[in-house]
Amino acid sequence: MIRELRLQIDKGIPPNERGFRTIQMKDIVEHLGYTPNKSELWEDLQTLKNQTIAYNLLEKDGGTIKMGSGFILEWGVTNHRVDFKLPSFIEELVKGLDAPKAIFQALNWDIFNLFAGKYQAFLYKLCRDYRGVGRTPYMTIAKFRDYMGIEEHEYKEFRDLNRVVISGPMKDINAFDMSDITIGVNFDKQGRKVIGLQFDVYPRNQLSLPMPEFQENPAFQLARMKIDEETQRKYLDLRTGDEIEKCIIRANEYADQQIKANKDVNYGALYRKSIQEGWHTTIEHREEMTEKTAARKRATQKVLQEKEETEAQKNLEIQERIAEVFNAFAALPEKKKDVIREEFRATLTATPLRKSFDKQGEEAPIIRSQFAEFFMNNYKPKLSKNKK
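Cut-offs applied
Residues numbered from 1 in each chain as written. Predicted model: local features only at pLDDT ≥ 70, side-chain atom pairs only at ≥ 80, totals over all residues. Heavy atoms only, no water. Pairing = 2+ DSSP bridges. Helix = DSSP H or I, 4+ residues; strand = E, 2+ residues; numbered from the N terminus. Contact = heavy atoms within 4.5 Å. Axes fitted to C-alpha atoms, helices over the stretch in contact; angles between N-to-C directions. 1 Å grid on protein atoms, 1.4 Å probe; cavity = no way out; pocket = protein on both sides within 12 Å on 5 of 7 lines; lining within 4 Å. Points joined across faces, edges and corners; volume = space filled by probe spheres on them. Nonpolar A, V, L, I, M, F, W, Y, C, P; charged D, E, K, R; others polar. Buried < 20%, exposed > 50% of the residue type's maximum accessible area, 1.4 Å probe, protein only. Salt bridge = Lys/Arg side-chain N within 4 Å of Asp/Glu carboxyl O. Core = buried A, V, L, I, M, F, W, Y, C linked by side-chain atoms within 4.5 Å. Phe/Tyr/Trp six-rings, centres within 6.5 Å; stacked < 30°, edge-to-face > 60°. Lys NZ or Arg CZ within 6 Å of the ring centre and 35° of its normal. pLDDT = per-residue confidence, 0-100. Left-handed = near helix turned anticlockwise from the far one by under 90°.

(A) Region of the structure containing the sheet that holds strand β7 (residues 181-190). Taken together, the three strands give an open sheet; going across it, the order is β6-β8-β7, and neighbouring strands pair in antiparallel fashion. Each end of this open sheet is capped by a strand with a single partner; those strands are β6 (139-140) and β7. As paired strands, β6 and strand β8 (residues 193-203) are joined by two bridges and run antiparallel to one another. Counted as the bridge partner of Thr140 is Gly196 from β8. Helix-sheet contacts for helix α6 (residues 118-128) involve β6, β7 and β8, and the interaxial angle to β7 is about 90°. Most of the contacts of helix α8 (residues 158-175) go to β7, to which it runs at about 155°, and overall it touches β7 and β8.

Here it is, written out as C-alpha cells:
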C-alpha cells in the first residue's frame, strides 16, 4: 500500500472524494504470489489497524513528541480492489522523500533492523531523520536521555552514558558496512560538565542490501529519484531516450529555481509533466543557439586568422624584396653608392630621419624601407623574376 501511495503521488493521482486511495487486487496478487480470499484479507487489514506504531519525533525546536497510530486507519475490500487510508505521518513521509530540504527522511528499515543493540538503532534513527540537513537539533542531556528512553536511575554518570549510549553506538554505526550515514558528536560543556549535544550527519554509500534486480535505462540517469520500470517503459513509448534525458535536465533546472525560491518540488510529477509536454525542445533550442553562436565565433576566428596569415605573408614578401634591393645596392661601386646616398639624404626633410641616416646610414631601421623604395624608383635594379 505504501508503494502504491508513492506511485500515485509520483503520477499526481489524488485520493478520491472520501480521502481513500485504491490498490487493484491484481497488484496485490502479483506481490503476494497468490490470491487471498476476502475474509483473510479483511483479517490482515484489521491486524494492521490494531498494530500500534509508537514513535518519538524530534521537533524543530528540539522538543520531542510521542506519537501513535495503527499501520492503516480505514479500509474497504471488494473482489477487485482494496481502498485504504494511511496515517498522516506515513503520507507525509512518502510525500517528502524527494524534497531536498525535508527534515524527516525515509528511514531504511533494513538497516535499522540489522543493528543488534537498541541504542545503535535509536541513534541511527535520530541521525537518519536529519540526513538531508546535515545536523540534528541541539538537545540538552536531559532531552537526549528522554529521547533514547534512558530511565532516571540508568547511567547517572556521563562517562557511562557516553560509553553505552553515545560513543559506543556511534562507533558501531560508523563501522557498520551497511550504514548509509556517518555521524559525529559535538558536546556542549559548562566548565567540565557536559550539558548538551548535537550530532553531525554525513551521507555515505552503503553496501547493497538484497533488493529486486532493477536495471535503470541510461536515459533516466540524471533523475533525482528512482523511476519505476513500468513508468520508464511508458515514457520511452512517448519519447526517445535522448529526448527524455533532455526533459529531465530541463526539469532539474526548473526544480533548482523552485528550491531557490524556497518552494517544495515533487520530482515525480515534474518529470511526468516535462516528458509529456516535451520540455526537451527548450534544451534542443538552447543547444541550437549555442551551436550557432559557436559557429559564428569559429567563422570570425577563421577570418581573423586568414587576415593575420595574409598580413604575415605580405610582410615577409616586403622584407624579402627590401633584402634583395639592398643586395643590388651592395653590388654597386662605392663612389656610385655615395652619390645615391647623397641624393637620398636630400629627400629627408625630417630632422630625426636625417640624424638616423647620418649615424647609421641606409641600414638604420627607420630608414631601411624608405631607402629601398628610393633606390627602386630611381635606379630600378634588376631583381629576381619571381619578385614583383
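(B) Structural view of the side chain of Glu91. Structurally, Glu91 can be placed in helix α4 (residues 88-95). Each residue touching Glu91, except ones within four places of it in the same chain, is listed here: Leu5, Arg21 and Leu86.

(C) Quick peek at the sheet that holds strand β1 (residues 21-24). Taken in spatial order, the three strands make up an open sheet running β1-β5-β4, and their pairing is antiparallel. Each having just a single partner strand, β1 and β4 (74-77) make up the two edges of the open sheet. Sheet twist, expressed as the mean angle between neighbouring strand axes with direction ignored, is 20°. In this structure, β4 lies alongside strand β5 (residues 81-85), joined through four bridges in antiparallel fashion.

(D) Looking closely at empty space enclosed by the protein. In total, this model carries two cavities of 30 Å³ or more according to the counting rule given. Size it by volume and the largest cavity reaches roughly 90 Å³. Taken together, Leu7, Asp10, Lys11, Met225, Ile227, Asp228, Thr231, Tyr235, Gly268 and Tyr271 form the lining of the largest cavity. Contributing elements (two or more residues each) for the lining of the largest cavity: α1 (2-10), α9 (229-238) and α11 (267-277). Its residues assigned to classes, the lining of the largest cavity comprises five nonpolar, two polar and three charged.

(E) Up close: unusual backbone geometry. The backbone of Tyr155 shows a phi angle near 45°, a positive value even though the residue is not glycine. Along the polypeptide, Tyr155 turns up in the loop between α7 (141-147) and α8. On the basis of relative accessible area, Tyr155 is assigned to the partly exposed category, the value being 26%. Despite not being glycine, Asn262 has its phi angle at roughly 60°, a positive value. Structurally, the position occupied by Asn262 is in the loop between α10 (241-260) and α11.

(F) The arrangement of the pattern of salt bridges in detail. For the structure on display, the rule yields 24 salt bridges. Across the pair Arg135 and Asp200 runs a salt bridge, and its minimum N-O distance is 2.7 Å. Here Arg135 is found in the loop between α6 and β6, whereas its partner Asp200 is found in strand β8, with 65 residues between them in sequence. Several salt bridges converge on common partners, so that one network encompasses Asp242, Lys246, Glu284 and Glu287.

(G) Expanded view of the nonpolar core. One finds Leu123, Phe144, Met148 and Phe199 to be the most contacted residues of the largest nonpolar core, which totals 22 residues. Of all elements in the fold, only α6, α7, α8, β7 and β8 reach the threshold of two or more residues within this core. Look past the residues within four positions of Met148 in its chain and what remains in contact with it is Tyr119, Phe122, Leu123 and Val165. Judged by nonpolar contacts, the second largest core, of 18 residues, contains Ala219, Phe220, Ala223 and Tyr267.

(H) Here's a closer look at the packing of aromatic side chains. For the coordinates displayed, the defined rule picks out 15 aromatic pairs. Their ring planes at 40° and their centres at 5.8 Å tell us that Tyr267 and Tyr271 sit as a pair that is tilted. Taken as a pair, Tyr267 and Tyr271 lie in helix α11 at a separation of four residues, close to a single helical turn. With a relative accessible area of 1%, Tyr271 lands in the buried category. A centroid spacing of 5.3 Å and a plane angle of 65° characterise the contact between Phe344 and Phe357, whose relative ring orientation is edge-to-face. Placement of the pair is Phe344 in helix α13 (residues 334-346) and Phe357 in helix α14 (residues 351-360), with a sequence separation of 13 residues. Cluster of aromatic residues (ring-pair linked, three or more members): Phe326, Phe329, Phe344, Phe357, Phe371, Phe374, Phe375 and Tyr379. Against the face of Phe20 rests Lys85, its NZ or CZ located 4.7 Å from the ring centre. The cationic tip of Arg368 hangs over the ring face of Phe326; the distance from NZ or CZ to the ring centre is 4.2 Å.

(I) Spatial organisation of the confidence of the model for the chain. Put simply, the chain has an average pLDDT of 84, and 86% of its residues get 70 or more. Note that residues 99-106 has pLDDT below 50 and, in this model, 25 contacts with residues that lie over four places away or in other chains. Below a pLDDT of 50 lies the segment residues 208-215, which in the model reaches 10 contacts outside its immediate sequence neighbourhood of four places, other chains included.

(J) View of the packing of helix α12 (residues 280-330) against helix α15 (residues 365-379). Interhelical geometry of α12 versus α15 gives an angle of 60° and a closest axis separation of 10 Å. The interaxial crossing formed by α12 with α15 has left-handed handedness. Between α12 and α15, the residues in contact are Arg321, Ile322, Ala323, Val325, Phe326, Ala328 and Phe329 and Arg368, Ser369, Phe371, Ala372, Phe375 and Met376, respectively.

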